Amino acid sequence: MALTAWETYVKERAGEALEARLSSEAESHAATFMTKKFEEEAKRLYNPTTARTQKLFVDFLGLDVTKCWAWNGMDNERAKKRLDELVAKRGDAAHRSRVSLKKSQSGHLVLREELEKAIKFLGHLVENTDKALEALRTL
């Protein structure tokens, strides 16, 4: 569920930022074209890894939000790697991989403590992505 919320956030937040950016040209052919292309890309965005998230924001907003993913105790590269690990684990869970189940000592793919850490981590990603988008808005 946490990663589903992340996916929804990425799509909606990028869409909101694009809409705000195009608001002065809302009726133009270029704005209509970009909005349509964004909607197509957003529909195809499943499991927003670092690379997929980065591409969506760079392609439509000219902003690499992944560069701002750093906070106390978490540097940028580790944050990107952690997101990709969580997305991969979500894929394992969705497909009930026996290999993944063997990785966990308890037999559970995701332990409560891991889930709590993941939710906190995703909260930091959201907070830092919002900060990057707020900076874009003031330009």
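Residues numbered from 1 in each chain as written. Predicted model: local features only at pLDDT ≥ 70, side-chain atom pairs only at ≥ 80, totals over all residues. Heavy atoms only, no water.

### Here we look at the overall build of the chain
Working step 1: The helix and strand inventory of the chain stands at 6 helices and 0 strands.
Working step 2: Along the chain direction, N to C, the helices and strands of the chain fall in the order α-α-α-α-α-α.
Working step 3: Across the 139 residues in the chain, those meeting the buried criterion constitute 36%.
Working step 4: In the chain, once contacts between residues fewer than 6 apart in sequence are set aside, the share between residues at least 24 apart is 64%.
Working step 5: Within the structure as shown, the chain displays about 9,200 Å² of accessible surface, and the carbon and sulfur contribution to it stands at 54%. (Helix = DSSP H or I, 4+ residues; strand = E, 2+ residues; numbered from the N terminus. Buried < 20%, exposed > 50% of the residue type's maximum accessible area, 1.4 Å probe, protein only. Contact = heavy atoms within 4.5 Å. Areas by Shrake-Rupley, 256 points an atom, 1.4 Å probe, with all protein chains shown as cover.)

### Some details on the side chain of Asn 76
Working step 1: Among the secondary structure elements, Asn 76 is positioned in helix 4 (residues 76-94).
Working step 2: Given a relative accessible area of 17%, Asn 76 falls into the buried group.
Working step 3: In terms of polar contacts, Asn 76 uses its side chain to reach the backbone carbonyl oxygen of Lys 67, at 3.3 Å.
Working step 4: In contact with Asn 76, not counting residues within four places along its chain, are Thr 66, Lys 67, Cys 68, Trp 69 and Ala 70. (Polar contact = N/O pair within 3.5 Å; in protein donor to acceptor, adjacent residues only side chain to side chain.)

### What to know about the packing of aromatic side chains
Working step 1: Scanning the model with the defined rule gives 4 aromatic pairs in all.
Working step 2: An angle of 85° between the planes, with centres 5.4 Å apart, marks the rings of Phe 38 and Phe 60 as edge-to-face. Placement of the pair is Phe 38 in helix 2 (residues 29-44) and Phe 60 in helix 3 (residues 50-61), with a sequence separation of 22 residues. The same class applies to Phe 38 as to Phe 60, namely buried.
Working step 3: With centroids separated by 5.7 Å and ring planes inclined at 55°, the aromatic side chains of Trp 71 and Phe 121 adopt a geometry described as tilted. You can see Trp 71 sitting in the loop between helix 3 and helix 4 and its partner Phe 121 sitting in helix 6 (residues 112-137), a full 50 residues away along the chain.
Working step 4: You can call Trp 71 buried: its relative accessible area is 18%.
Working step 5: Each member of the aromatic cluster is reached from another via a ring pair, and the members are Trp 6, Tyr 9 and Trp 69.
Working step 6: A cation sits over an aromatic face here: Lys 11 above Tyr 46, 5.4 Å from the ring centre. (Phe/Tyr/Trp six-rings, centres within 6.5 Å; stacked < 30°, edge-to-face > 60°. Lys NZ or Arg CZ within 6 Å of the ring centre and 35° of its normal.)

### Focus on the layout of surface pockets
Working step 1: Of the voids in this model, the largest pocket is the one considered here, and its volume is about 300 Å³.
Working step 2: Around the largest pocket, the lining is made up of 15 residues, and of these Leu 3, Leu 86, Arg 90, Val 110 and Leu 115 lie nearest the centre.
Working step 3: Residue assignment for the lining of the largest pocket shows that the elements contributing at least two residues are helix 1 (2-22), helix 4 and helix 6.
Working step 4: It is helix 4 that provides the largest number of residues to the lining of the largest pocket, a total of 6 residues. (1 Å grid on protein atoms, 1.4 Å probe; cavity = no way out; pocket = protein on both sides within 12 Å on 5 of 7 lines; lining within 4 Å. Points joined across faces, edges and corners; volume = space filled by probe spheres on them.)

### Points about the side chain of Glu 7
Working step 1: Structurally, Glu 7 is set in helix 1.
Working step 2: A distance of 3.3 Å separates a polar side-chain atom of Glu 7 from the backbone nitrogen of Asn 47.
Working step 3: If sequence neighbours within four positions are ignored, Glu 7 has contacts with Leu 45, Tyr 46, Asn 47 and Pro 48.

### Observations concerning the confidence of the model for the chain
Working step 1: Put simply, the chain has an average pLDDT of 89, and 90% of its residues get 70 or more.
Working step 2: Per-element confidence in the chain is highest for helix 3, whose mean pLDDT is 97, and lowest for helix 5 (residues 98-103), whose mean pLDDT is 52. (pLDDT = per-residue confidence, 0-100.)

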